[in-house]
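Okay, here's what each chain looks like letter by letter:
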Amino acid sequence: MNRIKILSPATVANLACGFDVIGLALDIPVDEILLYKSNSPGIRINRIDGTTLPKDQKKNVAFVSLQALLKKYQQRFYKEKKIGFEIELIKNIHPGSGIGSSAASAAGVVYGANILLGNPFNRMQLIRFAMEGERIASGSAHADNVAPAIMGGVTLVRSYQPLDITKLHSPNELWVSIIHPQIEIKTSDAREILKQKILMTDAIRQWGNIGALVAGLYQENYELISRSLEDFIVEPIRAMLIPAFYELKIRCKEIGALGGGISGSGPSVFMLSKGNDIAKKVTEVMNLVYSPLKVDYKTYTSPINQKGVKFSEIL
Ligand code: HSE
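From a predicted model like this one, the values you see are computed outputs, not experimental measurements.

**Details of the packing of aromatic side chains**
Then comes step 1: Summed over all chains, the structure comprises three aromatic pairs.
Then comes step 2: The interplanar angle of 75° and the centroid separation of 5.1 Å between the aromatic rings of F245 and Y246 together place this pair among those described as edge-to-face.
Then comes step 3: Judged by its relative accessible area of 2%, F245 is buried.
Then comes step 4: The ring of Y36 has R3 lying over it, and the distance from NZ or CZ to the ring centre is 4.3 Å.
Then comes step 5: The residue whose ring lies beneath R205 is F232, and the NZ or CZ to ring-centre distance is 3.7 Å.

**Considering the domain arrangement of the protein chain**
Then comes step 1: Structurally, the protein chain comprises domain 1 (3-168 + 305-314) and domain 2 (174-303).
Then comes step 2: Of note, the centres of domain 1 and domain 2, computed from C-alpha atoms alone, are 24 Å apart.
Then comes step 3: Across the interface of domain 1 and domain 2, roughly 2400 Å² is buried in total on both sides, 66% from carbon and sulfur atoms.
Then comes step 4: Area buried by domain 1 at its contact with domain 2 is led by A16, C17 and F19, which between them contribute 24% of it.
Then comes step 5: Among the salt bridges present, the one from D20 reaches R191, with a minimum N-O distance of 2.7 Å.
Then comes step 6: For the pair domain 1 and domain 2, the number of links is 11 residue pairs in polar contact (both at pLDDT 80 or more).
Then comes step 7: For the side of domain 1 that touches domain 2, the elements supplying multiple residues, two or more each, are β1 (3-13), β2 (22-38) and β6 (164-168).

Calculation rules
Residues numbered from 1 in each chain as written. Predicted model: local features only at pLDDT ≥ 70, side-chain atom pairs only at ≥ 80, totals over all residues. Heavy atoms only, no water. Phe/Tyr/Trp six-rings, centres within 6.5 Å; stacked < 30°, edge-to-face > 60°. Buried < 20%, exposed > 50% of the residue type's maximum accessible area, 1.4 Å probe, protein only. Lys NZ or Arg CZ within 6 Å of the ring centre and 35° of its normal. Domains from an automatic or database assignment. Buried area = accessible area lost by both parts, 1.4 Å probe. Salt bridge = Lys/Arg side-chain N within 4 Å of Asp/Glu carboxyl O. Polar contact = N/O pair within 3.5 Å; in protein donor to acceptor, adjacent residues only side chain to side chain. Helix = DSSP H or I, 4+ residues; strand = E, 2+ residues; numbered from the N terminus.

The following block contains the structure:
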């Protein structure tokens, strides 16, 4: 088996209160990644469909993540120097969308390469390699997109040093509505505007919400989930980057959404709902709020993807 296709999911990071620590995987949209193992050393990106990504391979997330994996592989199995990979990326998740485009590329290539190499690495190691891609993409090796992309479901980063990530329980009936305004916000820019120090009063409210969100997920207590989806630290600063952000939130909650916020670093906005029916109505309201604006947008309604990145077929 030398040529395979991988499907790598979009993800929602932060989930309002959990900046840089909580994220979830979506069923749609997904990137398709075609990966070929060859005997000619090096990593080559032969095709990128759906967007333009850095031609300079050292700045390409897929390249950097796979390079990190290959380096570790060759250190460990030093005889196998004659290994190379060719990558084709079919990007359905737009870069700068806030739904984990770079994470999908990174997760997809490392997951696929691991299969082609006979699964020498576990999922936590794959997350580490994929985080190197995130470092290139956003200037920070955060894991709240790559962890759910690789592990599926809702994940929590307890600690970055040492890396300690756990998959949380999430109710089957939890659905996600997403609106992606077609404006690009670079994660690095959206991180630069954040304050480096926060008030103790805000921190207390924030960690109360994170704890309660986790409890709400385990208890399948939708009211507790709803009350926990508040962000006192990041959202007040980033909201100004997103057209009609507060109107979206208010109108979606009026129709029955549990709550939501900025997806990752934006501009996408997510809302959680109990059940597909309400989630579809929420997505419809997102359409209604955005249709009068002079901003193109896309919407998605998705359950939580419990599997994450997956093998699709041998080519
Ligand atoms: N936690 C990161 C941020 C996610 O909000 O900057 C970026 O997708």
